[in-house]
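Here are the chains, one letter per residue:
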Number of protein chains: 2
Amino acid sequence: MRKISSTNYHNQTFLEEKCALNELIHLLSKRWLTEVLFSIEEGNSRFSTLKEDLKYISDNILADRLKLLEQYKLIVRNSHLGEIPVRVEYSLTETGLRLSELLDGLCQFSEKEMEFPG
Amino acid sequence: MRKISSTNYHNQTFLEEKCALNELIHLLSKRWLTEVLFSIEEGNSRFSTLKEDLKYISDNILADRLKLLEQYKLIVRNSHLGEIPVRVEYSLTETGLRLSELLDGLCQFSEKEMEFPG
DNA sequence: CTGTATCCGATAAGATACTG
DNA sequence: CAGTATCTTATCGGATACAG
């Protein structure tokens, strides 16, 4: 729940309305989020395999990031109810795939053309 | 100064080492940073005109973002010492220009293909 | 197995006052 | 004009414990 504490809130809202890029970056900046996206793209479709792949991620963060990605329609959640224990699978949407391609481009750039201080 | 509080610090370091993209996104996620970059690209080269263009930004945040952009070699700072009062101008580097083009792509994407919840 | 709820420390943003 | 210093508050990440 975001508090409406005057400037902080209004500035962020202003930026997000000015250009959707700000909202997208705000999403991407959440730790692990891009890694989860990439990991799903690489074929990891289950909670447990994702957790294994991203070795240091915690349960609650992974759950939160999956929920976010689903809300933004970047992945879809598919639960196989008949089975016990319940099996849940995640996969990229078209938009999610497109985003991961764009991020790949940014990734190339950051590794080849950027210089990071300290 | 970043504290070495075990997991928090180590996770961020792990991610930044895994792929430079994470470090780049961490930079871009700082509020106003991309707007400052775009505003310079559009021809605003001085502290005062930038401040006017980005109407709600505060002095200290603008100063901080300019310093960051300079550290990452995305802009250059050019101060004309002979003049009183001192005139300082900022402009994009090659890398900064390239980044702003990539971000434009992301911006198109976010406005045309993304759906943002609530 | 796939999550949810609550708490706490760390970081980031902004307000305000001040400087060469 | 172009910043810097200090303080307060908001948000985020992670630990722990628990649930369907």
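Up top is the structure these notes are about.
Residues numbered from 1 in each chain as written. Chains lettered and ligands numbered in written order. Predicted model: local features only at pLDDT ≥ 70, side-chain atom pairs only at ≥ 80, totals over all residues. Heavy atoms only, no water.

Draft legend 1. Just empty space enclosed by the protein, in detail. Under the criterion given, the structure shown has two cavities of 30 Å³ or more. Counted as a void, the largest cavity has a volume near 100 Å³. The wall of the largest cavity is formed by Gln12, Leu15, Asn22, Ile25 and His26 of chain A together with Leu28, Ser29, Lys30, Arg31, Trp32, Leu33 and Thr34 of chain B. Among the secondary structure elements, those contributing two or more residues to the lining of the largest cavity are helix H1 (7–18) and helix H2 (20–28) of chain A together with helix H3 (33–41) of chain B. In terms of residue count, the dominant contributor to the lining of the largest cavity is H2 of chain A (three residues). In terms of residue class, the lining of the largest cavity is built from five nonpolar, five polar and two charged. In this model, the second largest cavity occupies a volume close to 40 Å³. Forming the boundary of the second largest cavity are Ile25, Leu28, Leu103 and Leu106 of chain A together with Ile25, Leu28 and Leu106 of chain B. Looking at the lining of the second largest cavity, its residues break down into seven nonpolar, no polar and no charged. (1 Å grid on protein atoms, 1.4 Å probe; cavity = no way out; pocket = protein on both sides within 12 Å on 5 of 7 lines; lining within 4 Å. Points joined across faces, edges and corners; volume = space filled by probe spheres on them. Helix = DSSP H or I, 4+ residues; strand = E, 2+ residues; numbered from the N terminus. Nonpolar A, V, L, I, M, F, W, Y, C, P; charged D, E, K, R; others polar.)

Draft legend 2. How the structure looks around the relation of the copies chain B and chain A. In the superposition of chain B on chain A (RMSD 0.1 Å, axial shift 0.0 Å), the rotation amounts to 180 degrees. Seen this way, the second copy is the image of the first under a two-fold rotation axis. Judged by C-alpha distance, Ser29 of chain B is the residue of chain B that lies nearest the rotation axis, at 2.9 Å. When the interface residues of chain B are mapped onto chain A, 100% of them again fall at the interface, so both copies present the same face. (Least-squares fit on C-alpha atoms with pLDDT ≥ 70 in both. Contact = heavy atoms within 4.5 Å.)

Draft legend 3. Representation of the protein's contact with DNA strand D within the structure. Around DNA strand D, a shell composed of 24 residues is seen, among which Asn60 of chain A together with Asn11, Arg46, Arg77 and Tyr90 of chain B lie nearest. Taking His26 of chain A, its side chain carries an N or O atom lying 3.3 Å from a phosphate oxygen of DNA strand D. Residue classes in the surface near DNA strand D are distributed as six nonpolar, nine polar and nine charged. (Near = heavy atom within 4 Å. Polar contact = N/O pair within 3.5 Å; in protein donor to acceptor, adjacent residues only side chain to side chain.)

Draft legend 4. Representation of the pattern of salt bridges within the structure. Residues and elements named next belong to chain B. Enumeration over the complete set of coordinates arrives at eleven salt bridges over all chains. Put simply, Asp59 and Lys51 hold a salt bridge, and the shortest N to O gap is 3.1 Å. Assessed through its relative accessible area of 43%, Asp59 is described here as partly exposed. With relative accessibility at 29%, the residue Lys51 sits in the partly exposed group. One salt bridge connects Arg87 with Glu89, and the closest N-O pair in it is separated by 3.2 Å. Arg87 sits in the partly exposed class, given a relative accessible area of 23%. (Salt bridge = Lys/Arg side-chain N within 4 Å of Asp/Glu carboxyl O. Buried < 20%, exposed > 50% of the residue type's maximum accessible area, 1.4 Å probe, protein only.)

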